[in-house]
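Okay, here's what each chain looks like letter by letter:
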Amino acid sequence: DIRNWSCDNAALAAKTRTVLERVALSATLDEAAARLVERILDDWPGIEHRCEVPAEAFAGTVKTRIHGDLHLGQVVVAGTDFYILDFEGEPMYPLAQRRAKSTPLRDVAGIIRSFDYAGSTALVRRNGSPAAGEATAAYTAIAQWRAQTTTRFLASYREATAGCPSVPQSAAAFPAALQPFLLAKALYEVWYEAANRPGWLAIPLTGILRLLDSPFASE
């Protein structure tokens, strides 16, 4: 039921807002991250609106089994083959939710968000910052790589799933259906990083800000 997906996203958004409000009061939050949190909280009505899943985009589709926690870290390349690991779903969700059938666009969103993580991690390792709008050569190169990789991945995915009953097929329905799950994934990442790796919070925070400007995290 599409209404369940919208309710799930709304509940996640509410939890994430609470986390961000607590994080904003933290004395350990650096200045750049604090500015990102402030910008996101200021635009919270827009975030809640974009979390709503459009029923018309999923018209005629069916739910299916999904991975539930798909990202680049779950993919192992061995020669000319590859393996996908760990099908137990998002570790912070209850088991019943992880076992439930859903839209495969949740997994698509996970892969796209992991492109952002890969690029942002490389940037940090070069002593850079993933802060949105930073005008450096490394930031620009990572932004271009992220955009190109996302575009090619989505084109290949849509070609491979042509006619698949669980994937919206039209050029308008597919991005409209995917966008709320991209944003929900980024909100989940904020929740996860705040609990486990506070130093990484800037990655999902900048991801959220990009998603408010562009549905597929490109520049």
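Check the entry above for the structure.
As the structure is a computational prediction, the values presented were derived from the model and not from experiment.

Student: So what's going on with the overall build of the chain? Residues and values would help.
Tutor: Scanning the chain from terminus to terminus reveals eight helices and two strands. In terms of principal-axis extent, the alpha carbons of the chain reach across some 50 × 40 × 30 Å. Within the chain, buried positions represent 43% of all 219 residues. Long-range contacts, defined here as pairs at least 24 residues apart, represent 72% of the contacts in the chain between residues at least 6 apart. Looking at the chain as shown, the accessible area adds up to about 11400 Å², and 55% of this sits on carbon and sulfur atoms. Measuring between centres, the 22 positive side-chain charges of the chain sit 4 Å from its 24 negative side-chain charges.

Student: I'd like a description of the pattern of salt bridges, backed by residues and values.
Tutor: Inspection of the entire model under this criterion finds ten salt bridges. A salt bridge links Lys185 to Glu90; its shortest N-O distance comes to 2.4 Å. You can see Lys185 sitting in helix 7 (residues 173–196) and its partner Glu90 sitting in the loop between strand 2 (81–84) and helix 4 (95–99), a full 95 residues away along the chain. The exposure class of Lys185 is buried, given its relative accessible area of 13%. With relative accessibility at 6%, the residue Glu90 sits in the buried group.

Student: Give a detailed account of the packing of aromatic side chains, specifying residues and quantitative values.
Tutor: The geometry of an aromatic ring pair comes down to the distance between the two centres and the angle between the two planes. On inspection of all chains with the given rule, the structure shows twelve aromatic pairs. Between Arg197 and the ring centre of Trp200, over which it is positioned, the NZ or CZ distance is 4.0 Å.

Student: So what's going on with unusual backbone geometry? Residues and values would help.
Tutor: Even without being glycine, Asp86 reaches a positive phi, approximately 55°. By the secondary structure assignment, Asp86 is in the loop between strand 2 and helix 4. Overall, Asp86 belongs to the partly exposed group, its relative accessible area being 40%.

Student: How would you summarise the environment of Pro175 if you had to cite specific residues and measurements?
Tutor: By the secondary structure assignment, Pro175 is in helix 7. Classification of Pro175 as partly exposed rests on a relative accessible area of 23%. Measuring from C-alpha to C-alpha, the distance between Pro175 and Gln97 comes to 24 Å, with 78 residues separating the pair along the chain.

Student: Tell me what's going on with the nonpolar core, and back it up with residues and numbers.
Tutor: Counting residues in hydrophobic clusters, the biggest one holds 45 residues, and the most contacted among them are Ile47, Phe58, Leu105, Leu178 and Leu187. Among the elements of the structure, helix 1 (2–24), helix 2 (31–42), helix 3 (44–50), helix 5 (105–125), helix 6 (137–160), helix 7 and helix 8 (202–213) are those that each provide at least two residues to this core. Here this core takes 13 residues from helix 7, the largest share from any one element. Once residues within four sequence positions are removed from consideration, Phe58 is found in contact with Ile2, Trp5, Val53, Thr103, Leu105, Pro168, Ala177 and Phe181.

Student: A description of a nonpolar patch on the surface should follow, citing residues and the corresponding values.
Tutor: The grouping of Val77, Phe82, Ile84 and Phe87 at the surface amounts to a nonpolar patch, some 430 Å² of accessible area in total. With respect to the element layout, Ile84 can be found in strand 2.

Student: Describe the packing of helix 5 against helix 7, naming the residues involved and giving the relevant values.
Tutor: Relative placement of two packed helices is described by the angle separating their axes and the distance separating the axes. Contact geometry of helix 5 with helix 7 gives a least axis separation of 8 Å together with a crossing angle of 60°. Between helix 5 and helix 7, the interaxial angle falls into the category oblique. Helix 7 is crossed by helix 5, and the crossing has right-handed handedness. For the pair formed by helix 5 and helix 7, the contact residues are Leu105, Arg106, Val108, Ala109, Gly110, Ile112, Arg113 and Tyr117 on the first element and Phe174, Ala177, Leu178, Phe181, Leu182, Lys185, Ala186, Glu189 and Glu193 on the second. Class assignment for the residues of the contact of helix 5 with helix 7 results in eleven nonpolar, one polar and five charged.

The rules behind these values
- Within any chain, residue numbers begin from 1 and follow the written order of that chain's sequence.
- For a predicted model such as this one, the threshold for reporting local features is a pLDDT of at least 70, and the threshold for listing and counting side-chain atom pairs is 80 or more; totals across whole chains, interfaces and linings nevertheless cover every residue.
- Computation of side-chain values: all heavy atoms of the structure, hydrogens and water removed.
- Only DSSP runs of H or I covering at least 4 residues are called helices, and only runs of E covering at least 2 are called strands; the numbering of each starts at the N terminus.
- Burial status follows relative accessibility: with a 1.4 Å probe on protein chains alone, a residue under 20% of its type maximum counts as buried, one over 50% as exposed, and anything between as partly exposed.
- In what follows, a contact means two residues having at least one pair of non-hydrogen atoms within 4.5 Å.
- Note on areas: these come from Shrake-Rupley sampling with a 1.4 Å probe, and a residue is covered only by the protein chains present in the view.
- Counting rule applied: Lys, Arg positive; Asp, Glu negative; His and chain ends not counted.
- Taken as the charge centre is NZ of Lys, CZ of Arg, CG of Asp or CD of Glu, depending on the residue.
- A pair is scored as a salt bridge if a Lys or Arg side-chain nitrogen falls within 4 Å of a carboxyl oxygen belonging to Asp or Glu.
- Note on aromatic contacts: the rings of Phe and Tyr and the six-membered ring of Trp form a pair at centre separations within 6.5 Å, being stacked when their planes are under 30 degrees apart, edge-to-face when over 60 apart, and tilted otherwise.
- The criterion is that NZ of a Lys, or CZ of an Arg, lies within 6 Å of the ring centre and within 35 degrees of the ring normal, and then a charge sits over that ring.
- By nonpolar core we mean a set of buried residues, namely Ala, Val, Leu, Ile, Met, Phe, Trp, Tyr and Cys, connected to one another through side-chain atoms within 4.5 Å.
- Residues enter patches when their relative accessible area tops 30% and they take part in no salt bridge; the joining distance is 9 Å for like charges and 5 Å for the nonpolar side chains Val, Leu, Ile, Met, Phe, Trp and Tyr.
- Lines fitted to the C-alpha atoms define the axes, with helices restricted to the stretch that makes contact. Angles between their N-to-C directions range from 0 to 180 degrees.
- By the definition adopted for this analysis, an angle is roughly parallel if under 35 degrees, roughly antiparallel if over 145, roughly perpendicular if from 65 to 115, and oblique otherwise.
- Helix crossings fall into two classes, left-handed where the near helix is turned counterclockwise from the far one by less than a right angle and right-handed where it is turned clockwise.
- Basically, the charged four are Asp, Glu, Lys and Arg, the nonpolar ten are Ala, Val, Leu, Ile, Met, Phe, Trp, Tyr, Cys and Pro, and anything else, Gly included, counts as polar.

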